[in-house]
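Per-entry structural report
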Amino acid sequence: AYDLPEAITVGLTLEECGFALLEDPLTLDAPDAYKRLGDRLRIPVAAGKHEQTRWGFQSLLESGTVQMLMPDFSYCGGISEFVKIRSAAATHGINLVPHVSGTMFSMASALHFLASDFRQPGRAEAGVGFLENLDIFALF
């Protein structure tokens, strides 16, 4: 995690380079810093890969600190809990990108989620889904 000035600098640089989001730039223990960061950037600030259950994500949603959630199937409580987190995110108009921790369970769950006809909040039709995984090329 960066401190707030570093996160702002990195975020602005990523914006200039056309990146889609800034993932987990700060510790989740500093929701005010996340809010101030989000106010300075045009790209979404994403977080949540180490958050657990819908109640943990609820505090992120209610605080307005992130613009995108990234729950990990292996960590958030499994498939059914992921679906509940997705529903909570949708009620707040927040997009969601599955995070993959490297396990085959997490990868299979994320791919199944992306193959479903889920529409992100405010979209008339399903868009191209993102999948966050550093090891994806090793799978092919």
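The structure reproduced in this document is the subject of the present report. (Residues numbered from 1 in each chain as written. Predicted model: local features only at pLDDT ≥ 70, side-chain atom pairs only at ≥ 80, totals over all residues. Heavy atoms only, no water.)

Details of the sheet that holds strand β3 (residues 68-69)
Condition: Any two strands are treated as partners once DSSP identifies two or more bridges connecting them. Going along the chain from the N terminus, every DSSP run of H or I of four or more residues is numbered as a helix, and every run of E of two or more is numbered as a strand.
A sheet is described by the order of its strands in space; here four strands give the open sequence β1-β2-β3-β4, paired in parallel fashion. The open sheet has two edge strands, β1 (22-23) and β4 (95-96), and neither has a second partner. Pairing of strand β2 (residues 45-47) with β3, which is carried by two bridges, proceeds in the parallel orientation. Residue A46 lies in a different strand from β3, and its bridge partner there is M68.

Things to note about unusual backbone geometry
Under the convention used in this document: The rule is simple: take the accessible area with a 1.4 Å probe, protein chains only, and divide by the maximum for that residue type; under 20% is buried, over 50% is exposed, in between is partly exposed.
Even without being a glycine, D24 presents a positive backbone phi close to 45°. In this structure, D24 sits in the loop between β1 and α2 (31-40). Unusually for a residue other than glycine, T53 sits at a positive phi of about 60°. Owing to a relative accessible area of 29%, T53 belongs among the partly exposed residues under this scheme.

With respect to the nonpolar core
In plain terms, the rule: As used in this record, nonpolar core signifies buried Ala, Val, Leu, Ile, Met, Phe, Trp, Tyr and Cys residues forming a set joined through side-chain atoms within 4.5 Å.
If you look at the biggest cluster of nonpolar residues, it comprises 30 residues, and the most contacted ones within it are L26, L37, L69 and L96. Those elements that place two or more of their residues in this core are α1 (4-16), α2, β2, α3 (53-63), α4 (73-76), α5 (79-91) and α6 (104-115). By size, the runner-up hydrophobic cluster in this structure holds five residues, among which are A46, M68, M70 and V97.

Side note on the packing of aromatic side chains
Working definition: an aromatic ring pair is given by the centre-to-centre distance plus the angle between the planes. The condition is simple: Planes of paired rings set the category: under 30 degrees apart is stacked, over 60 is edge-to-face and the rest tilted, where pairs are Phe, Tyr or Trp rings (Trp by its six-membered ring) whose centres lie within 6.5 Å.
This structure, assessed with the given rule, holds two aromatic pairs. Relative to F82, the ring of F73 lies with its centre 3.8 Å away and its plane at 15°, an arrangement referred to as stacked. Of the two residues examined, F73 and F82, each falls in the buried class. A centroid spacing of 5.1 Å and a plane angle of 75° characterise the contact between F82 and F113, whose relative ring orientation is edge-to-face. Linking F82 in helix α5 with F113 in helix α6, this pair joins segments that are 31 residues apart in sequence. By the burial criterion, F82 is buried, and F113 matches it.

Here we look at α6
Threshold: Any helix carries an expected span of 1.5 Å times its number of residues minus one. Think of it as the arc spanned by the lines of direction from the helix axis to the C-beta atoms. Residue contacts are counted whenever heavy atoms from the two residues lie within 4.5 Å of one another.
Between its first and last C-alpha, α6 extends 16 Å over twelve residues, near the 16 Å set by a 1.5 Å rise per residue. Among all positions in α6, only S106, M107, S109, A110 and F113 are buried. Buried residues of α6, seen end-on, are gathered within an arc of 165° and therefore sit on one face of the element. In α6, the exposed positions that point more than 90 degrees away from the buried face belong to M104, H112 and A115. Of the surrounding elements, those touching the buried residues of α6 are α4, α5 and β4.

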